[in-house]
Amino acid sequence: MALQGPEELGEQVEEPEDLDDQDASSISPAEEITLPPGPGGDDEPEEALLLPWDRFSAWLHCICVVGFDLELGQAVEVRAHPASGRHPGLKTSICYLSFPDSNSGCLGDTQFCFRFRQGSNRKSSLGCFLETTDRDAPPCLKREQGHYYGYVYFRQVRDKSLKRGYFQKSLVLISKLPYVTFFHSLLKIMAPEYFEKQEPCLEAACNDIDRWPTPHPGRILTLPIMGVVIKVRIPTSYDKPGTSQLVQSAQTDSLVSIVLPTIHEVDLFRCFHPVFFHIQMLWELVLLGEALVVMAPSPAESSDTVLALVSCIAPLRYCSDFRPYFTIHDSEFKEYTTRTQAPPSVILGVTNPFFAKTLQHWPHIIRIGDMKQAGEMAKQMKVKKLKNLKTLDSKPGVYTAYKPYLNKDEEIIKQLQKGVQQKRPSAAQNAILRRYFLELTQSFIIPLERYVASLMPLQKSISPWKSPPQLRAFVQQDFMKTLEKAGPQLTSRLKGDWIGLYRHFLKSPNFDGWFRNRRKEMTQKLEALHLEALCEEDLQERIQKHTEVESVDLVLKLKDKLNQAEREQLPVRSGTLAKLRAHIEAVIQALPEDLQGILHKPATP
């Protein structure tokens, strides 16, 4: 099956074959740049152990160039990556998602992003190291486990020398990192240079990236790329929400070309402008993990709007699937468009007119037109009934039968409208809207945080010679009782059915993901407290009362504790693990020499 080009997609849309059964030969073999061993930088001590191209892999999976072939359709022309090896499913997905649908009419340069499932559960040799770097990242910025992001710079310009009449090509960065603003900024530097100078320029960029320090949360990084230096800071989970820790210094920044205040945040005000009067209802729909589809005129507007929706519940992580740009060729097309079951908990961004019919049974549809300049105010729009949405050319608006739980907040609408009238800068409007969403989410989540904290056993119940105590169970009725005196009314002026909103949320994937993460953190805290209590004990005195068998058993248990603490990066006080190693060594030294030899041997994997 030959892949269709962008022009054919808009004219005749047929249901695609199952991509899993498709012959990979329909994708042309890429010219692969298998990168030579590159030098590493001299940054952090733990990075000294990294192999050539490990730094590249910490940022990117690969770089692809997707062109248009008259016989094959979209085809990967060049693939730059540190490891040889072919992944046909990965290449197929990249080909289909790297070009806009023809109805988008994207002449010139267009940037957008997509997200797709990882074909097989391949483990990286960097796994352990990346887990460590990921540990302090905010929930929304942790490395994706089951998905890749694709960041696209697409160029379409008239070229009479080509048979098709157009030059059409995409430079695509594939990564596990959701750093959308950073990677789009990176592409603005790389893509124009590549389109002019081709492969040698791409190889030079890869060499530059492999000299970068790894993306550790909390560090301010200066990243040279093709003669330009980008300065960024990777946020941490300890940062105060809504603040930027990146301070520009005139002395140290003399060589810096670009300073990025954020690596991941999109312009919320610009993205929500077409559906401006419904932002609070959209916040509820995203919070509850409802099935949402965004119908937009181009992949850029589709992907920006989906990313804005996902980020509007920050610092809460959106735990369901989301696809900033979704096409009829996506491997999940059948799964997500079937009418035999309720639509899944997913947010899709689409541009093909075919979806207006295929997804008309979905409960919540956002139709956006061309995004206006932030200086123009959208007209007041009522929520429309789903039956009124016949085609993708229907008027912009929100099509749903959903009735919000909370009363509408008129204050934020008036504040932003006033900003438009006074020509307030777009960045300031964006900051106001982001702060509004942040405070709304925090008001909602604080009662849950307070209740979950009460499930933690008291520290005095932790005994070094007993297993760590268990967390108490989350009981919905008990939580609901706390809302009367310690609910969101303490921090939010909004009225409405907060109880109903919580009941609905507790059944959602977002609650499940949030609670799993909190339970894991609290369990690790209990393990850490138990370990610290154990280290404060006088083990020398204790083993004098033990038999040799009991002492050996104690050593093995302490070694298990040490391995667990290192493997799970338990939040123990500084010096605790060193003290535990000293305890283990002291107990071993008190045993006969034959046992010492056995216990000093490293454990077999």
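Thresholds applied
- Residues numbered from 1 in each chain as written.
- Predicted model: local features only at pLDDT ≥ 70, side-chain atom pairs only at ≥ 80, totals over all residues.
- Heavy atoms only, no water.
- UniProt positions renumbered as here; feature names shortened; annotations may be inferred.
- Phe/Tyr/Trp six-rings, centres within 6.5 Å; stacked < 30°, edge-to-face > 60°.
- Helix = DSSP H or I, 4+ residues; strand = E, 2+ residues; numbered from the N terminus.
- Buried < 20%, exposed > 50% of the residue type's maximum accessible area, 1.4 Å probe, protein only.
- Pairing = 2+ DSSP bridges.
- Contact = heavy atoms within 4.5 Å.
- Axes fitted to C-alpha atoms, helices over the stretch in contact; angles between N-to-C directions.
- Salt bridge = Lys/Arg side-chain N within 4 Å of Asp/Glu carboxyl O.
- Parallel < 35°, antiparallel > 145°, perpendicular 65-115°, else oblique.
- Left-handed = near helix turned anticlockwise from the far one by under 90°.
- Nonpolar A, V, L, I, M, F, W, Y, C, P; charged D, E, K, R; others polar.
- Core = buried A, V, L, I, M, F, W, Y, C linked by side-chain atoms within 4.5 Å.
- Domains from an automatic or database assignment.

The chain carries the name UDENN domain-containing protein in an unreviewed UniProt entry, which gives Salarias fasciatus as its organism. On record in UniProt, under Sequence similarities (unreviewed entry), the comment for the chain is "Belongs to the DENND6 family."

**Q** Summarise the packing of aromatic side chains; cite the residues concerned and give the values.
**A** All told, the structure shown has 39 aromatic pairs when counted by the stated rule. Each ring, one from Trp-59 and one from Phe-182, has its centre 5.4 Å from the other, and the planes form 40°; the classification is tilted. With Trp-59 in helix α2 (residues 54-59) and Phe-182 in helix α5 (residues 180-197), the pair connects residues that are 123 residues apart, well separated along the chain. A single burial state applies to Trp-59 and to Phe-182, both of which are buried.

**Q** How would you summarise the sheet that holds strand β7 (residues 220-225) if you had to cite specific residues and measurements?
**A** Read from one edge to the other, the open sheet built from three strands follows the order β7-β8-β9, with strand pairing classed as mixed. In this open sheet, the two strands that pair with only one neighbour each are β7 and β9 (258-259). As judged from the two bridges shared by strand β8 (residues 228-233) and β9, these two strands associate in the parallel manner. By the bridge assignment, Ile-230 is partnered in β9 with Ile-258. Against the sheet, α5 engages β7, β8 and β9, with an angle of about 180° to β8.

**Q** Account for the pattern of salt bridges, with residues named and values stated.
**A** All chains considered together, the criterion is met by 26 salt bridges. Among the ionic pairs, Glu-77 bridges to Lys-169, the shortest N-O distance being 3.0 Å. Of this pair, Glu-77 sits in strand β3 (residues 73-81) while Lys-169 sits in strand β6 (residues 166-175), and the two are 92 residues apart along the sequence. Ionic pairing is found between Glu-193 and Lys-197, a salt bridge with its closest N-O pair at 3.0 Å. With Glu-193 and Lys-197 both in helix α5, this residue pair falls four residues apart, about one helical turn. Note on Glu-193: relative accessible area 28%, which makes it partly exposed. Here Lys-197 falls in the partly exposed class, since its relative accessible area comes to 46%. Ionic contacts of the salt-bridge type, sharing partners, join the residues Arg-115, Arg-117, Glu-144, Arg-317, Asp-321, Arg-323, Asp-330, Glu-332 and Glu-335 into one network.

**Q** An account of the packing of helix α8 (residues 279-287) against helix α13 (residues 426-453) is requested, with residue identities and associated values reported.
**A** Contact geometry of α8 with α13 gives a least axis separation of 12 Å together with a crossing angle of 45°. If you check the angle between α8 and α13, you find them oblique. The element α8 and its partner α13 pack so that their crossing is right-handed. In contact with Ile-279, Gln-280, Trp-283 and Leu-287 of α8, α13 contributes Leu-433, Tyr-436, Phe-437, Leu-440, Thr-441 and Phe-444. A class-by-class count of the residues in the contact of α8 with α13 yields eight nonpolar, two polar and no charged.

**Q** Explain the sheet that holds strand β11 (residues 321-323) residue by residue, including any values.
**A** Strand order across the open sheet formed by five strands is β11-β12-β10-β13-β14, with mixed pairing between neighbours. Each edge of the open sheet is held by one strand with a lone partner, namely β11 and β14 (397-400). Neighbour to neighbour, the strand axes of the sheet diverge by 15° on average, direction disregarded. Bridging between β11 and strand β12 (residues 346-350) involves three bridges; their strand directions are parallel. By the bridge assignment for β12, Arg-323 is matched with Leu-348. Running over the sheet, helix α9 (residues 299-311) touches β10 (292-295), β11, β12 and β13 (364-367) and is turned about 160° from β12.

**Q** Help me get a handle on the nonpolar core, residues and values and all.
**A** Core analysis: the biggest nonpolar cluster contains 110 residues, and Trp-59, Ile-63, Phe-182, Phe-272 and Leu-448 have the highest contact counts within it. Counting contributing residues, this core receives three or more from each of domain 1 (54-243 + 253-260) and domain 2 (268-519). If we skip the residues at most four places from it in the chain, Phe-182 touches Trp-59, Trp-212, Leu-223, Ile-230, Val-232, Leu-260 and Ile-263. Val-552, Leu-558, Leu-570 and Leu-591 belong to the second largest nonpolar core, which has 21 residues in total.

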